[in-house]
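Per-entry structural report
Here are the chains, one letter per residue:
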Amino acid sequence: MKNLVEELKWRGLYHDSMPGTEEQLLKEVTTAYIGFDPTADSLHIGSMVQIILLVHLNRTGHKAIALVGGATGMIGDPSGKSDERNLLNEETLAKNVAGIKSVLSRFLDFNSKETNAPVMVNNYDWMKEFSFIDFAREVGKRITVNYMMAKDSVKKRFAGEGEGMSFTEFTYQLIQGYDFYHLYKNNNCVLQMGGSDQWGNITTGTELVRRMGGENAKAFALTTPLITKADGSKFGKSEGGNVWLDADKTSVYKFYQFWVNSTDVDAEKYIKIFTFLDKETIDALIEEHKTAPHLRVLQKKLAEEITIFVHSEEELEKAIQASNILFGNSTADDLKKLDETTFLEVFDGVPQAEIAKADLENGLDIISVLNEKTGFFKSNGEARRALTANSISVNREKIKEDFVLTTNDLINNQFVLLQSGKKNYFVIRVV
């Protein structure tokens, strides 16, 4: 059996584990789980490490359980938080749970017939009938307040970070701990994995398994490091906010661009963490990149691999095509293949002007378009000089002074792209 821990270590995906974890994974097929809290109706790239961890687990022959926290999501995990989260209502939670299930299903085949087929569970299914008194008697008495207070996530809040901690949040680690015991008892799950900030919650679970599972009960823990950028800033966000795994929240073009724009240092780290390329291939790519960093071989390969993994090869091709419009030798046909959202994202920040569609029906001379209608040029004379110098393009095609703009030139029936020289762009939006 392939050594999962060894694989995680060279990839930079290993932070810590309980004694005996590696031996357990080498000894037999092991069932392990990771929890995902439904704080939104999708997941962003901050969850990619845990998704990839489950995929590695599955690929090395073990059984993966993805737990969506329909119950714990009602409380909110205090780990890494200085203030209490707003509680979500049941309707929002149900929507979020469904959204996360949909995302996870793209990476893990929950319908597989393999003996180690991954499983998805929702802790609301076993917590909804659990009365407070029963929980206090069966679970609460097993763990002392002293033990719970010793956890970093609790200590930091009691030490003055934020406004303290409510009893609701204080119980979070008990509920997550009980999840582990439930999966241990019903699914033979002996390992919980998660980010290093989850160590306290996970070890509460291993302790509950030990105390509630009988004298031979054993449970293990394994954590991944929290990923940061080379400059120390938080990974997972772009200037526009979270980078989501759903194309309707973050377009494939923007998703691809996020990875392509990684620094050299980050790309060298990310390609090990976020792709499934083997060590030999990655080492060769790193060496190739060092000989010609300006070609950005590492960033392009990273972006290609993860875009295919999250979206598809077809969507990757569209994203590359969109990227080439700004930086390559694209044509009018290439432009016309872009949907409205991607077109606007490619030319985000480019100056724009509006022209009435009625004005184009009889045709507009290009001088009028360049100056009076858009202000792209300050005067007719300046526009004429640029045309004489053969430096003006409409939708990537060079034009002369006698050019007439009509509705036939519209991209998606609403845009025209003007260009002066190589880098000066202007978008006309036809209304």
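Here, the structure is the one placed above.
Attention here is on the structure that accompanies the text. (Residues numbered from 1 in each chain as written. Predicted model: local features only at pLDDT ≥ 70, side-chain atom pairs only at ≥ 80, totals over all residues. Heavy atoms only, no water.)

**Digging into the nonpolar core**
Where we set the bar: Residues belong to a common nonpolar core when they are buried Ala, Val, Leu, Ile, Met, Phe, Trp, Tyr or Cys residues joined through side-chain atoms within 4.5 Å. Exposed residues in this analysis have more than 50% of their type's maximum accessible area, buried residues have under 20%, and partly exposed residues fall in between, with area computed by a 1.4 Å probe over protein chains only. Residue ranges for the domains originate in an automatic or database domain assignment. In this analysis, two residues are considered to be in contact whenever any of their non-hydrogen atoms come within 4.5 Å of each other.
Among the nonpolar cores identified, the biggest contains 91 residues, and M48, L245, W259 and F274 are the most heavily contacted of them. Each of two domains, domain 1 (4–224) and domain 2 (251–327), supplies a minimum of three residues to this core. The residues contacting F274, other than those within four sequence positions of it, are M48, V49, I52, F235, W259 and I306. By size, the runner-up hydrophobic cluster in this structure holds 24 residues, among which are L370, A383, I392 and V430.

**Description of the environment of G61**
For clarity, the threshold we go by: Helix numbering and strand numbering both begin at the N terminus, where a helix is a DSSP run of H or I of at least 4 residues and a strand a DSSP run of E of at least 2.
Assignment of secondary structure puts G61 in the loop between α3 (48–59) and β3 (63–68). Residues G61 and A383, spaced 322 residues apart in sequence, show a C-alpha to C-alpha distance of 66 Å. In contact with G61, not counting residues within four places along its chain, are V29 and N116.

**Quick word on the sheet that holds strand β6 (residues 220–224)**
Quick note on the threshold: For two strands to count as paired, DSSP must find a minimum of two bridges between them. Whenever a helix is involved, its axis is fitted only over the stretch in contact; in every case the axis is a line through C-alpha atoms, and angles between N-to-C directions fall within 0 to 180 degrees.
One open sheet accounts for six strands, arranged β1-β6-β5-β2-β3-β4; its pairing is mixed. In this open sheet, the two strands that pair with only one neighbour each are β1 (16–17) and β4 (119–122). For strand β2 (residues 31–36) and strand β5 (residues 189–195), the ladder comprises three bridges, and the chain directions are parallel. Bridge pairing links Y33 to Q192 in β5. This element, helix α10 (residues 172–187), spans β2, β3, β4, β5 and β6 of the sheet and lies at about 145° to β5.

**Let's talk about the packing of helix α20 (residues 366–373) against helix α21 (residues 380–388)**
Working note: a packed helix pair is described by the angle between its axes plus the distance between those axes. This is how the line gets drawn: Should an angle fall under 35 degrees it is taken as roughly parallel, and over 145 as roughly antiparallel, whereas 65 to 115 is taken as roughly perpendicular and any remaining angle as oblique. Handedness of a crossing is defined here by the sense of rotation of the near helix relative to the far one, left-handed for an anticlockwise turn of less than a right angle and right-handed for a clockwise turn. In this count, Pro and Cys sit with the nonpolar residues alongside Ala, Val, Leu, Ile, Met, Phe, Trp and Tyr, while Asp, Glu, Lys and Arg are called charged and the others, Gly among them, polar.
Contact geometry of α20 with α21 gives a least axis separation of 9 Å together with a crossing angle of 135°. In this view, α20 runs oblique relative to α21, as classed from their interaxial angle. The crossing of α20 and α21 is right-handed. Counting all contacts with α20, which are made through I366, I367, L370 and N371, the residues of α21 involved are N380, A383, R384 and L387. Within the contact of α20 with α21, the residues separate by chemical class into five nonpolar, two polar and one charged.

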